[in-house]
Amino acid sequence: MQFDPWKRRDFIALLGGAAAWPLAARAQQPAVPAIGFLHSATEAAYAPMTAAFRKSLSEAGYFDQSVTIEFRWAQGRLERLPELAADLVRRQVSVIFAGGGAEPALAAKAATSKIPIVFASGVDPVEVGLVASLSRPGGNITGVSFLINTLGPKELEALHELRPQATVIAALINPDLATTASQAKDVEMAAPALGLQVRVLHASTEREIEAVFDSLAQVQAGGLVIGANAFFFSHRNQLVELAARYSVPTVYPWREAVAGGLMSYGANVADAYRLAGDYTGRVLKGETDLPVQQSTNTELVINLKTAKSLGLAFPITLLGRANEVIE
């Protein structure tokens, strides 16, 4: 029997196609999406927030196996943010999450007009130029605003209620932020109605924080309000230790500081990161034109043990409004 060479070639081609088909099918499967995680602070300081973000992503269907996260931490060096944002753009991530103040989101926005950006920030995103409006952000950016930077007057009011005899209160603010001026102005404008004078002090390094506490006696401050920003949050343990050493009644904008600190009044930052994780999942699924969410979950936390060590007693009015009292 004569063997037809053409049939032999067809058979070999058929075998080759069958062998190649699984490879082609695998190649056609969608690649695992990558999230660029851009942050101004340190990984250790924001571990609870990162956990909330990842948990929310998992609930949206994006587990560790179905998504990769490219972390970029600026370690408190804001000047590194443009470089880190540009690196994420070069890596062609699917979406960029920006946390730790307005600066990471502004750096991401400057780096790309195509890759979607989701932010979690305590500033007014309209005021700093992140979005056109909350309902219609415009461009490639949206996120969660928890407005912690606007709560300085409430912190001042709580401290005045605790120490009504004090006439001078100091406010510690980071001078390197887009919101420095507005944070100082908010506190200064709230002071006269309470019969207070405010001394605004600045720090953006550990050494400068030390110097501020050294100067509190000179300005005759009867208490201290800590301005909200990622750098101070990362150094909250230093702030709490110095407040104890100098016996300064201090109110913080984050509950995480009240493990040893006196009192906090602020937003639930972990909850804002949870909402941002959900938004990031929705963006990965193709949703667009998402409005900026506002997290209005604020809480007052009081530490009675720290108050006792300072010789202070919280009035019933403050205790009654507290979301949590640590004894």
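Check the entry above for the structure.
Numbering of residues begins from 1 in every chain and follows the order in which that chain's sequence is written. Where totals are concerned, whole chains, interfaces and linings use all residues; where local detail is concerned, this predicted model gives features only for residues with pLDDT of at least 70, and gives and counts side-chain atom pairs only at 80 or more. Side-chain measures were taken over the full set of non-hydrogen atoms in the model, leaving aside hydrogen atoms and water.

### Some details on the overall build of the chain
Secondary structure summary: the chain contains 12 helices and 13 strands in total. The globule rule used for comparison is 2.2 Å times the number of residues to the exponent 0.38, while the radius of gyration itself is calculated over C-alpha atoms. What you see for the chain is a C-alpha radius of gyration of 26 Å, clearly larger than the 20 Å of a compact globule of 327 residues, by over 25%. Based on the C-alpha atoms only, the size of the chain along its principal axes is roughly 115 × 40 × 35 Å. Classification of residues uses two cut-offs on accessible area relative to the type maximum, computed with a 1.4 Å probe and protein chains only: under 20% is buried, over 50% is exposed, and between them is partly exposed. Counting only residues that meet the buried cut, the chain has 49% of its 327 residues in that class. The contact rule is simple, with two residues in contact once any of their heavy atoms fall within 4.5 Å. Taking contacts inside the chain between residues at least 6 apart in sequence as the whole, the part at least 24 apart equals 71%. Working note: accessible area of the chain is about 16000 Å², and carbon and sulfur atoms make up 53% of it. In this description a helix means any DSSP run of H or I spanning at least four residues, a strand means any run of E spanning at least two, and both kinds are numbered starting from the N terminus. For every accessible area listed, the method is Shrake-Rupley and the probe measures 1.4 Å; residues are considered covered only by the protein chains on display.

### Observations regarding the sheet that holds strand β8 (residues 224–226)
Here, strands pair whenever DSSP counts at least two bridges between them. Across the sheet, which stays open at both edges, the 7 strands sit in the order β7-β6-β8-β9-β10-β12-β13 with mixed pairing between neighbours. One side of each edge strand has no neighbouring strand; the edge strands of this open sheet are β7 (197–202) and β13 (324–326). Each adjacent strand pair in this sheet contributes to an overall mean axis angle of 20 degrees, direction not counted. As judged from the 2 bridges shared by strand β9 (residues 250–252) and strand β10 (residues 263–267), these two strands associate in the parallel manner. For Val 251, the partnering residue across the bridge sits in β10 and is Met 263. Helix-sheet contacts for helix α6 (residues 180–190) involve β6 (168–173) and β7, and the interaxial angle to β7 is about 160 degrees. The angle between two axes is taken between their N-to-C directions and runs from 0 to 180 degrees, where each axis is a line fitted to C-alpha atoms and a helix contributes only its stretch in contact.

### What to know about the nonpolar core
Ranked by internal contacts, the top residues of the largest apolar core, which has 78 residues, are Tyr 46, Leu 156, Phe 232, Leu 239, Trp 254 and Met 263. Element by element, the count of residues in this core is highest for helix α10 (residues 269–284), at 8 residues. Excluding residues that lie within four positions of it along the chain, Leu 239 makes contacts with Leu 172, Ile 209, Phe 213, Ile 226, Phe 232, Tyr 252 and Trp 254. By nonpolar core is meant a set of buried Ala, Val, Leu, Ile, Met, Phe, Trp, Tyr and Cys residues that side-chain atoms within 4.5 Å join together. Ala 34, Phe 119, Val 131 and Ile 141 belong to the second largest nonpolar core, which has 23 residues in total.

### With respect to the environment of Thr 250
With respect to the helices, strands and loops of the structure, Thr 250 is situated in strand β9. Separated by 95 residues in sequence, Thr 250 and Glu 155 place their C-alpha atoms 9.4 Å apart. Apart from the residues within four sequence positions on either side, Thr 250 is in contact with Leu 224, Ile 226, Ala 243, Leu 262 and Met 263. Among the polar contacts listed, one links the side chain of Thr 250 to the backbone oxygen of Val 248, at a separation of 2.9 Å. Each polar contact in these results corresponds to two N or O atoms within 3.5 Å; when the atoms are within protein, one needs to be able to donate a hydrogen and the other to accept it, and residues that are neighboring in sequence are counted only if both atoms are side-chain atoms.

### What about the pairing of strand β12 (residues 298–303)?
For β12, the buried fraction is high: 5 of the 6 residues fall into the buried class. Bridge count for β10 against β12 is 5 bridges, and the pairing is antiparallel. Residue pairing in the sheet places Ser 264 in a bridge with Val 301 of β12. In terms of strand pairing, β12 meets β13 through 3 bridges, oriented parallel. Paired with Asn 303 across the bridge in β13 is Ile 326.

### Overview of the side chain of Arg 236
Relative to the assigned elements, Arg 236 resides in helix α9 (residues 236–245). All tallies of charge rest on Lys and Arg as positive and Asp and Glu as negative; His and the ends of each chain are not included. The term salt bridge refers to a pairing of a side-chain nitrogen on Lys or Arg with a carboxyl oxygen on Asp or Glu at a separation within 4 Å. Put simply, Arg 236 is tucked away with no salt bridge, and the nearest opposite charge, on Glu 256, sits 5.8 Å away. Non-local contacts of Arg 236, meaning those with residues more than four positions away in its chain, are made with Ala 45, Trp 254, Glu 256 and Ala 257.

### Some thoughts on the packing of helix α3 (residues 81–90) against helix α4 (residues 102–111)
Packed helix pairs are specified by the crossing angle of their axes together with the interaxial distance, meaning the distance between the axes. One way to put it is that α3 packs onto α4 with a least axis distance of 8 Å and a crossing angle of 50 degrees. Viewed along their axes, α3 and α4 adopt a mutual orientation that is oblique. Along this stretch, α3 crosses α4, giving a crossing that reads as right-handed. Contacts between α3 and α4 involve Leu 81, Pro 82, Ala 85, Ala 86 and Val 89 from the first element and Glu 103, Pro 104, Ala 107, Ala 108 and Ala 111 from the second. Ten residues, namely Ala, Val, Leu, Ile, Met, Phe, Trp, Tyr, Cys and Pro, are considered nonpolar, four, namely Asp, Glu, Lys and Arg, are considered charged, and the remaining ones, Gly among them, are considered polar. Taken together, the residues that form the contact of α3 with α4 break down as 9 nonpolar, no polar and 1 charged. Any angle that falls under 35 degrees is termed roughly parallel, while one over 145 is termed roughly antiparallel, one within 65 to 115 roughly perpendicular, and all others oblique. Each crossing is labelled by how the near helix is turned from the far one, with a counterclockwise turn of less than a right angle marking it left-handed and a clockwise turn marking it right-handed.

The analysis is restricted to geometry; functional conclusions fall outside its scope.
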